[in-house]
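# Architecture and fold: a report
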Amino acid sequence: MASLSLRSIYKKYPGGVVAVSDVNLEIKDKEFIILVGPSGCGKSTTLRMIAGLEEISEGELYIGDRLVNDVAPKDRDIAMVFQNYALYPHMTVFENMAFGLKLRKVPKDEIARKVEEAARILDISHLLSRKPKALSGGQRQRVALGRAIVREPQVFLLDEPLSNLDAKLRAQMRTEISKLHQKLGTTFIYVTHDQTEAMTMGDRIVVMKDGFVQQVDTPQNLYTSPVNQFVAGFMGSPQMNFIDAYLRIVDGKYTVEFGSEDTKTTRGVKYYVEIPADKVDDQALSPLVDKEIVMGIRPEDIHDEQMFLSTASTGVVEADVEITEMMGAETYLYLTCEGIPLTARVDPRSTARPQDRISVALDPNKIHIFDKETEKTVIN
């Protein structure tokens, strides 16, 4: 088993293109760590540098306590599972899984034992004589995982392994891969652009944007305490609502003001959300008084139920319902308040319907404040 250490890693291409900038990351032995971010953020390039499939332009990569910058991929004791499975179409499942071991001149009886054991773990023992074209997408993915397992590597690298599967199978395979990680007790590094995968599977998540690491933390901390507006908006589905606003002091209390008296509608009005005393950080907030800020609030923290509205002393706003989405266990309301789009996640018994004008309460205890210029978090 192995820990990994990425120290000031860069990837630069000819022509001055920098794909990955100054990545510093310590990955613990047996950890399940996820690299997440939008397309082109550098997550797959980082994974390929760990694998040895891309050369590291600057920095040092250690697997365990061994510097591996110049070590060939086959000698790094890692196994990679690709998005497109990369199976040999002319070989059976057994032959695909055994191929790497054959190249290493592993004895036949040991190959058979390892392949059968991996097939049993992945529940594909009944498929060993089939060719890949006779398998479903989910079965092919299991074969690709099996081929990695038989090598008993120190580190598993998985590059968007579920992106070709349908939604139901993807959810099922997420669980399977998490179970597999627990069973094997190996270090897993997993790349995805799907934040749901990241939130449900990882011990820690590395959020990347434009080649830079934005934040490394547990799923819960990323969700509740994002370091900037990008992380706040990327983690969570539906994403966080962002409202352009001003920070004011009203009756001696920090207050967020948004909306306007001169919007295109005849109902133009200003709304106020008082920042609770236990969230106030004078040092952070005082320089921003009377300046533009961005207030963030998650959909589940916007309430339309009467119980919440009747007890709210601040943050109650009027909004027009544009669309409702019934999701079974919850309903999403897509609202407009003073020209500002808002998404609320509410109880499925909500009576709100399109074209209704309703009152909703923004929970002041759950607001986030971001600096308008730097996009950094001021308070969570």
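Preceding this paragraph is the structure being described.
Figured I'd write up the structure that's included with this text.

Procedures and definitions
Residues numbered from 1 in each chain as written. Predicted model: local features only at pLDDT ≥ 70, side-chain atom pairs only at ≥ 80, totals over all residues. Heavy atoms only, no water. Pairing = 2+ DSSP bridges. Helix = DSSP H or I, 4+ residues; strand = E, 2+ residues; numbered from the N terminus. Contact = heavy atoms within 4.5 Å. Axes fitted to C-alpha atoms, helices over the stretch in contact; angles between N-to-C directions. Core = buried A, V, L, I, M, F, W, Y, C linked by side-chain atoms within 4.5 Å. Buried < 20%, exposed > 50% of the residue type's maximum accessible area, 1.4 Å probe, protein only. Phe/Tyr/Trp six-rings, centres within 6.5 Å; stacked < 30°, edge-to-face > 60°.

With that settled, consider the sheet that holds strand 1 (residues 4-13). Spatially, 2-1-4-5 is the arrangement adopted by the four strands of the open sheet, whose pairing is antiparallel. Edge positions in the sheet fall to strand 2 (17-27) and strand 5 (66-67), since each has one partner strand and no second. Bridge count for strand 1 against strand 4 (residues 58-63) is five bridges, and the pairing is antiparallel. Within the sheet, the bridge partner assigned to Arg7 lies in strand 4 and is Glu60. Across the sheet, helix 1 (residues 43-51) touches strand 1, strand 2 and strand 4, and the angle it forms with strand 1 is around 115°.

Moving on, we come to the nonpolar core. Met97 and Ile177 are the most contacted members of the largest nonpolar core, which has 46 residues in total. Broken down by element, the residue count for this core peaks at six residues, all from helix 3 (residues 108-122). Apart from residues lying up to four places away in sequence, Ile177 is in contact with Phe32, Leu145, Leu158, Pro161, Leu162, Phe188, Tyr190 and Met201. Tyr254, Val256, Phe258 and Ala344 belong to the second largest nonpolar core, which has 33 residues in total.

Under the defined criterion, the tally for this structure stands at seven aromatic pairs. Judged by centre distance (5.6 Å) and plane angle (25°), the ring pair of Phe230 and Phe234 falls under stacked. Separated by four residues within a single helix, Phe230 and Phe234 lie in helix 8 (residues 229-234), roughly one turn from each other. Relative accessible area serves as the criterion here: at 16%, Phe234 is assigned to the buried category. Where Phe258 meets Tyr271, the ring centres are 6.0 Å apart and the plane angle is 45°; that geometry is what we call tilted. With Phe258 in strand 12 (residues 253-259) and Tyr271 in strand 13 (residues 270-274), this residue pair connects regions lying 13 residues apart in the sequence.

Function cannot be read off these values alone, since they describe shape.
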